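# What the coordinates show
Next come the chains, spelled out residue by residue.
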Amino acid sequence: MSAADPHESSGAYVLHALPEEERRAFEAHLAECGQCQEEVAELRATTALLGQLTAEHPPDALRDQVLRKVADTPQEPRPHAQEAQPHTQEARPHTTAKVPGRRRPARSLILALAASVAVALVCLGLAGWQHQEASDAKDHADRVEAQAHEVQAQARQVEAEQKNVTKVLTASDVRLQTQVLSDGATASVTFSRSEGSATLAVSGLPALPAGRTYAAWFMEDGTPVPAGLLSGDPGRRVTLLEGTLDDATAVALSVEPDGGSPQPTTVPLGAVPLTA
């Protein structure tokens, strides 16, 4: 604490930065000095407000940084001393009255520190927002990439099916068989024994309710073998049947639950014979 002017120790006192001996001396001065009492009260209110601005416990190094800042910050220069008075002037009694116009460097330091912390909090908030924005953008990019991979996989599957359909349709032993089904629809099967594949085209099939789909079956010695489901509008596309012909003698069509079933659950609408 400055022996010449104890008023300058109020800031260090509020920050608990005074050595023990100087703290006791300042507290003795504080008990008699109304100006310092007012300043200490204001500084404590400011530091309390500063504490409300911080949402997290400050790091241990922060106090040391603040104390170094206090030590490194020069005090306001003293006003030039009045010209020497004649030695005959009577000595004036000591008084603790406020000095008009006196600057309060300790309070300015606290307010500057509060502003710095507030700016730091804003910067941290901005950094968090930017991090969230970057994370959201990455998630969106990952979803778009996954969707692109799915579309590419579907495109490759359609391309492969089209190639197999072309092989069946251009095979030297290709055959075409047509059959009218029980509901009046028409089913046409194009097949090739050499390719071991067949396609199914239908027309006139009614739309099914939700949860139901059309399923195709290879009939081998009277036993149905799953040959795939008719996706979308079955009347508007040629479906490459799954599996190989082997010893199949007919292609049957039935109505099944979504996702199909290992065996027909309804009476088949009809069967197209695979005769040479």
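Summary of the structure given here. What you see as residue numbers is a count from 1 along each chain, following the sequence as written. For a predicted model such as this one, the threshold for reporting local features is a pLDDT of at least 70, and the threshold for listing and counting side-chain atom pairs is 80 or more; totals across whole chains, interfaces and linings nevertheless cover every residue. Hydrogen atoms and water are omitted, and side-chain values are computed over all heavy atoms in the structure.

### Focus on the pairing of strand S3 (residues 197-203)
Partly exposed residues are those whose accessible area sits between 20% and 50% of the maximum for their type, while under 20% is buried and over 50% is exposed, using a 1.4 Å probe and protein chains only. Note on conventions: DSSP H or I runs of at least 4 residues are helices, E runs of at least 2 residues are strands, and numbering of each starts at the N terminus. Of all seven residues that make up S3, five are buried, and the element is covered over most of its length. For two strands to pair, DSSP has to find at least two bridges joining them. Here seven bridges tie strand S2 (residues 186-192) to S3, and the two strands are oriented antiparallel to one another. Pairing of Ala187 across the sheet is with Val202, part of S3. Hairpin geometry of S2 and S3 is characterised by an intervening segment of four residues between the two adjacent antiparallel strands and by a positive phi of about 70 degrees at Gly196. As judged from the three bridges shared by S3 and strand S6 (residues 238-240), these two strands associate in the antiparallel manner. Across the sheet, residue Thr199 finds its bridge partner in S6, namely Leu240.

### Focus: the environment of Asp233
With respect to the helices, strands and loops of the structure, Asp233 is situated in the loop between strand S5 (223-230) and S6. Sequence separation of Asp233 and Leu208 is 25 residues, and the distance between their C-alpha atoms is 9.9 Å.

### Some thoughts on the sheet that holds strand S4 (residues 212-220)
Backbone-to-backbone hydrogen bonds join strands into a sheet, with any given pair of strands oriented parallel or antiparallel. Strands sit in the order S5-S4-S7-S8 across an open sheet of four strands; the sheet is antiparallel. Two strands lie at the open edges of the sheet, namely S5 and strand S8 (270-273), each paired on one side alone. Sheet twist, expressed as the mean angle between neighbouring strand axes with direction ignored, is 30 degrees. Where S4 lies against S5, six bridges are found, and the strand directions are antiparallel. Each residue of the ladder has a partner; that of Ala215, found in S5, is Leu229. Axis definition: a line fitted to C-alpha atoms, over the contacting stretch in the case of helices. Angles run 0 to 180 degrees between N-to-C directions.

### Some thoughts on helix H2 (residues 20-30)
Turning to H2, its buried residues are Phe26, His29 and Leu30. All buried residues of H2 lie within an arc of 100 degrees about the axis, which places them on one face of the element. The reported arc concerns the directions from the helix axis to the C-beta atoms and nothing else.

### Describing the pattern of salt bridges
When a carboxyl oxygen of Asp or Glu lies within 4 Å of a side-chain nitrogen of Lys or Arg, that pair is called a salt bridge. As enumerated under the stated definition, the model contains three salt bridges in all. Between Arg23 and Glu20 there is a salt bridge, with its nearest N and O atoms 2.3 Å apart. Pair noted here: Arg23 and Glu20 are both in helix H2, with a separation of three residues, about one helical turn. The partly exposed category is assigned to Glu20, whose relative accessible area is 42%. One network of salt bridges, in which partners are shared, links Glu20, Arg23, Arg24 and Glu27.

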